[in-house]
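Fold and geometry: a report
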Amino acid sequence: MLVFVTFALLMFETPSEVRQETSWRKQRPDSHSLDPHFFRLLILTVKYCGSLHEPGQTFSTVTHPAMDRKRKWELGFGAVLLIFLSHMASALEVPLDPKVLEGLPQPPTITLQSPKDYIFDPRENIVIHCEAKGKPHPSFSWTRNGTHFDIEKDSKILMKPGSGTLVIDISGEKAEAYEGTYQCTAHNEHGTAISNNIVIRQSRSPLWSKERNEAIMVQVGVSLVLQCRPPAGLPPPVIFWMDNNFQRLSLDKRVSQALNGDLYFSNVLPEDTRSDYICYARFPHTQTIQQKQPISVTVLQNSPTGERRPAFMTPPGSSSTKMVLRGETLELECIAEGLPTPEISWEKERGELPSSRTSFQNFKKTLKITDVNEADAGDYRCTATNSLGSVQHVIKVTVKAAPFWVSVPRNLILAPNETGILTCRVNGEPKPKISWFINGVSIDNAPQDSSRKVEDDTVILSNVQSGSSAVYQCNASNEFGYLIANAFVNVLAEPPRILTPPDRVYQVITNNPALLHCASFGSPIPTITWFKDSQTSIQNGDLYVIRENGTLEIHTAQALNSGKYTCIAINTFGIRENHVHLEVKEPTRILTQPEYKVVQRGMRAVFECKAKHDPSLVPTMTWLKDNRELSDGDRFVVDADSLTIKDVTDEDEGTYTCIMNTTLDQDSASAVLTVVEATPTPAIVYEKPDPPTDLELTDQTEKSVQLSWIPGDEHNSPTQKFLIQYEDLLHQPGVWNNLTEVAGTSTTARLNLSPYVYYTFRVLSLNHVGYSQPSQPSRQYRTNPAAPDENPSDVLGLGTEPGNLVISWTPLTGFQSNGPGLQYRVQWRQKDVDQDWSSETLANVSKFIVSGAPTYVAYEITVQAQNDYGSGPEPEVVMAYTGEDLPLSAPDNVQVMVHNSTVAEVHWEPVSSSSVRGKLQGYKVYYHRERGLHEMEEQPEQQEQVVTFGGNRSEGRLPGLQPYSLYSLFIRVLNSKGEGPLSPSKTFETPEGVPGPPSFLNVINPSLDALTLEWGPPLSNNGRLVGYTLQYQPINNTSELGPVKVMTFLANETSVTLGSLNSSTLYKFNLSAKTIKGSGPAITEETFTVMDTTHIQPTVETGKVRPVGPVFGTVNTSVSEDGAVISWEYFGHHKSVFVEYIVENSKEAWKKELVNGSHSYVIKGLKPGTSYRVRVVARDSADSAVHSTEEVMVMVPAVANRQVDIATQGWFIGLMCAIALLILVLLIVCFIKRNKGGKYPVKEKEDAHQDPEIQPMKEDDGTFGEYSDTEDHKPLKGSRTPSNGTVRRDESDDSLVDYGEGGDGQFNEDGSFIGQYSGKKEKDTHEGNESSEAPSPVNAMNSFV
């Protein structure tokens, strides 16, 4: 803009003061008012300035024919100055940044308002929108029909809080009362803004007037018009024609509906006869549809009309006129009659129809042009043509225009003493009249202001002052409408603010433009200045352009443009600066492009794509096929610089593109893959690849070299990778070491090298068969010596003897030495002592011993490599300790606290850390049992026990003590070297505990009803023995236990004879010893009493223990219709009982039928007339026969007995089953109620593994607190322990193994099991078989049986 103005000033002679003032004003925004000569010239220019057609700031001027060229020059120059001033005033805009907006005053601005013409639905509330913003927030008021509208007097009107929007509740009211013209006013202390005049009207859908349509009779071939004439609605209705069935009448070029809704027939046909031509009108706002009375049409054929030329039915005559407003839609209509039906065509005289805005409707009878402008005015000709001729009609179209904006007044933000211009440029036909208002009041009635000048569509504000902010309104109107625009003038004095974030980094690719932003705000407009690297001032020129908004543009960025840039914003009220950074990056380029490939089907295709990019950018390689992403699958392998397609198919044919992307740029290259038919080849032979050839070393540096080679023949197996090896001819001649591996698609490798090595390289290829032979070695490449780049590893310091420190390390290899003269500099010093490092330089060793050091103190040690070319890196400091010695002192004040008969706790006073003389490992407590307290003499030497307590402890617990014993102990301190001296010996006694089980329990002399028990005292009394407790009970045939009987004995009794026992009964005996602490564990034995009568001598197999008395009794047999019935007596407890049978004299295997829990069985399926051998056998869990009856013979008769047995009848069996089921249900209910709330002995389970000496005891009887003596007679329903001491898992449905923590059941001293059982109080001895477990149907059934 400045260049343009300067150019104008140089071209034309102007007063010098004007040139100077204009130039000075642009450089200094804080200028005072312009020179009066300038304003006179400006006013003269404005008077002759025409309207602006386009918003591009190009003026169109109108001059008098007699006006000379000088006058024309003056107008042109005035236009230039007017543009300049307009630019000055409108350049400052408040940005939308909330941080900037906060705290800035602002006059009101209307942000939302209702349309000028508001038609409301009377069924809904009227909502008139008026929203505005400003600082402070504006208040609102309304006028209605030009006078103040007091909304508070009408309870039906509500104004939304913080808004001017009105909500009018018209329910129950006459909506017409609120029709009128409304205008909203928004006001704050800086000005007043007004809305448009909003005309509120109610939508109307009036009823059709009552009328009676006469029937129409017309001859065939003549024209006809059916009039609709709907009632006038607001807005106008939509017209359509239908019949009585609500079906739309079909329209065509013969029958059509005019724009006014009338139905036109160019000629009638007999099929047009009908009595239900109905016109419908739909009113959009109310969504109501009204219909006219049906019209009846009868087409007569008695006097048909012949063919005729076209004639226009509408519009009539040869010409007509039409006026349309700019921006609206022009609709021209021509409907003609004739026979045959005419065709309609359109053209514009002396012009073309605008194709993009023109359309034909209603079978070309209607011409429609949208968005009409002035160029659409003119003569439009419609032509109707049929076979007999044609007729024309011309419609003269004139285009008028309501006011429309050419340039809307813009808000101005001015600094004090600045000048601004408000322009309100509108156009229209006829030309609109422009009126100016200030804060809603006509500017003619406003107070006079010498700084304000109004010239038609322009307001000039000069030398504005603080406090003169206001809102200006421009009203442009003509007979077709009006426009109102609000534009505020806000006078602000604000120091500069830079809106661009600080230290923003801009990245750009070399040779691309760079834009460095410096968005700012201030009033006056700040002047922006740029500096590079805080020193060099940047001026507009070939390299740099400073844009009007402060942005610095670099046309072609180069690497030298990188750096720090500073922008400074200055105005009258302050200065601000901001720093940004520019980084110019290298472009991304593809160096090796993929090449055209012809590949046989089933083979492999490899496209290479190697690229370079700026090292600071992260690249991404993407491959496309035919500009689409590659399909998923293992056949496509994308590497860093290649694409491999395995097992090529026909679908793989196409164009492949590699794209190298960075965050700033990209480069791409493409190649075509052609797939051809695979040629028949002999059987493929896969071999190891040939060795690579032509090894070459290039791009040599001190520590790296580029190795390239030519791959050998792959022998039908693709190369997977290359292995690169090296030989160090200086340090390890003849030894090849692996250096690195590269992909099979590469033929070069960058090798990182070490100093002082004589390298030769070789390469091996690998395919799926194996490695190739090595290539021929490359030429020798020697690297120069250098200082070591690493120090010895595994540096360790360890004291082996008191006062020494052995420093060891893993020495460097010759390859790691980097040069001749390798040595090691060993340094050491005592930690936390102010002394210098001691050092020693050694060669060809890996260990150094420091002597004469204090015992076990911390040292810092380092080992650094050196050679003739310097030292290695700074070594890492390693912590170490000198050698340890045995501890000097023993723990003092040893105390013992005895917790119970098996556990004691020992306490001591720890030794001082200085006396440990090493790393404290802990304390060792030595203790052993001297003797039992009931023994008078000391027992032979018993094994000493040792417990070690790690760390710096002062107490520990001694487990596993024997009750009622005398112990002694001492303690030693322990370090890594060994143990210190003994502490003084300490003795302590353990209290009495429960005894161990009796040493044995034997049953002798069993008879029919008596037997004798003998036992021995416990091996460990654990106190003074006070007696024994015996519990015994019978076990019946179903393994259930009978009532328990308890007997007690003195300590000197070791036998008892029991009488009044049942014959042929298995008994279980539990015997335990007692001290004053309670009963110990019991010893268990089971045995039978003798049977009174022996029916069958049982067979006892070899190796089995025969019980006392026979197990099986009498075996009876009988034969029924169902088979052979076998019954027997069984007194054993084995549950696996079988009936076995075999045909007499047969050598087949015995057939077995399991009959557990029963004493009879029916063998079915026997052959009639056949003899069988039958026996009953009891087997153990290993299926070995334990007991067996003698074999009996069963003869199955040839003819079955026909006698009817009621027990085998179906109805009887069904009845019994029903009765049994009912009884079962009753028993289940009974047991649930009876056992409800039963005790679940969780505590017994928790205590099962505790130390017996710390269990709670009852004071009166010495029994365990959780076991009541009411439980003594409860059944011990668990596993039975036979006399041989084995426990059979399958002999109990409810064993402790099922519910407890472990295996065999264990008894308390009162005879009850320690386990999952807790019983109820015993009512009588007949309840002894009841289980105390939670009730269930299974338990109930067991009890029932």
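Reading the values: the criteria
Residues numbered from 1 in each chain as written. Predicted model: local features only at pLDDT ≥ 70, side-chain atom pairs only at ≥ 80, totals over all residues. Heavy atoms only, no water. Buried < 20%, exposed > 50% of the residue type's maximum accessible area, 1.4 Å probe, protein only. Helix = DSSP H or I, 4+ residues; strand = E, 2+ residues; numbered from the N terminus. Pairing = 2+ DSSP bridges. Axes fitted to C-alpha atoms, helices over the stretch in contact; angles between N-to-C directions. Disulfide = S-S within 2.5 Å. Core = buried A, V, L, I, M, F, W, Y, C linked by side-chain atoms within 4.5 Å. Contact = heavy atoms within 4.5 Å. Polar contact = N/O pair within 3.5 Å; in protein donor to acceptor, adjacent residues only side chain to side chain. Salt bridge = Lys/Arg side-chain N within 4 Å of Asp/Glu carboxyl O.

**Let's talk about the pairing of strand E89 (residues 1124-1130)**
Residue alternation in E89 divides its side chains into a buried set, Ala1124, Ile1126, Trp1128 and Tyr1130, and an unburied set, Val1125, Ser1127 and Glu1129. Between strand E88 (residues 1112-1119) and E89, which pair antiparallel and follow one another directly, the connecting turn spans 4 residues, one of which, Gly1123, has a positive phi of 150°. Bridge count between E89 and strand E92 (residues 1160-1163): 4 bridges; the pairing is antiparallel. Looking at E92, one finds that Ala1124 is bridged to Ile1163.

**Overview of the sheet that holds strand E58 (residues 693-698)**
An order of E58-E59-E62 is seen for the 3 strands of this open sheet, with the pairing classed as antiparallel. The outermost strands of the open sheet, each flanked by one partner alone, are E58 and strand E62 (748-752). For this sheet, the mean angle separating the axes of adjacent strands, direction not counted, is 25°.

**Re the state of the cysteines**
Taken as a whole, this structure holds 6 disulfides when the rule is applied. Sulfur-sulfur distance for the disulfide between Cys130 and Cys184 comes to 2.0 Å. In this structure, the disulfide formed by Cys130 and Cys184 twists by about -75° around the S-S bond and is classed as left-handed. Here the residue Cys130 occupies a position in strand E4 (residues 130-135), and Cys184 occupies one in strand E9 (residues 180-188), the gap between them amounting to 54 residues.

**What to know about unusual backbone geometry**
With an omega dihedral of -5°, the bond running from Leu234 to Pro235 counts as a cis peptide bond. Its location among the elements puts Pro235 in the loop between strand E13 (224-226) and strand E14 (238-242). In this structure, the amide linkage connecting Glu429 to the following residue, Pro430, adopts the cis form with an omega of 0°. With respect to the secondary-structure elements, Pro430 resides in the loop between strand E31 (425-429) and strand E32 (433-438). Phi at Arg229 takes a positive value of approximately 45°, unusual for a residue other than glycine. Relative to the helices and strands, Arg229 is located in the loop between E13 and E14. With relative accessibility at 45%, the residue Arg229 sits in the partly exposed group. Its identity is not glycine, yet Arg917 carries a phi of approximately 55°, on the positive side.

**Comments concerning the pairing of strand E78 (residues 965-975)**
Counting buried positions over the 11 residues of E78 gives 10, a clear majority of the element. Where strand E75 (residues 920-932) and E78 come together, 11 bridges link them in antiparallel fashion. Bridged to Lys924 within E78 is Arg972. Alignment of E78 against strand E79 (residues 986-989), held across 4 bridges, turns out to be antiparallel. Each residue of the ladder has a partner; that of Ser968, found in E79, is Thr987.

**Brief notes about the sheet that holds strand E37 (residues 481-491)**
An order of E29-E37-E36-E32-E33 is seen for the 5 strands of this open sheet, with the pairing classed as mixed. Strand pairing shows two members of the sheet lacking a second neighbour, strand E29 (412-414) and strand E33 (441-442), which therefore form its edges. Taken together, the 2 bridges between E32 and E33 define a ladder with antiparallel strand orientation. In the strand pairing of E33, Phe437 is matched with Ser442.

**Let's talk about the nonpolar core**
Counting residues in hydrophobic clusters, the biggest one holds 29 residues, and the most contacted among them are Ile126, Ile128, Trp142 and Ile200. Broken down by secondary-structure element, the contributors of at least two residues to this core are strand E2 (117-120), strand E3 (126-128), E4, strand E5 (139-144), strand E8 (166-168), E9 and strand E11 (198-202). Broken down by element, this core gets its largest block of residues, 3 residues, from E9. Once residues lying within four places of it in the same chain are set aside, the contact partners of Ile200 are Tyr118, Phe120, Ile126, Ile128, Tyr178, Glu179, Gly180 and Tyr182. Grouped together as the second largest cluster of nonpolar side chains are 21 residues, Leu412, Leu422, Ile438 and Ile443 included.

**Thoughts on the side chain of Gln725**
Along the chain, Gln725 turns up in strand E60 (residues 721-728). Given a relative accessible area of 9%, Gln725 falls into the buried group. Here the side chain of Gln725 touches Asn738 through a polar contact of 2.9 Å, side chain to side chain. Reaching out from Gln725, the side chain makes a polar contact with the side chain of Arg762 at a distance of 2.7 Å. Other than its neighbours up to four places away in sequence, Gln725 contacts Trp736, Asn737, Asn738, Leu739, Thr760, Phe761, Arg762 and Leu764.

**Side note on the pattern of salt bridges**
In this structure the tally under the stated criterion is 37 salt bridges. Here Glu553 ties to Arg547 by a salt bridge, and the two come within 3.1 Å at their closest N and O atoms. Since its relative accessible area comes to 14%, Glu553 is described here as buried. Classification of Arg547 by relative accessible area gives partly exposed; the value is 36%.

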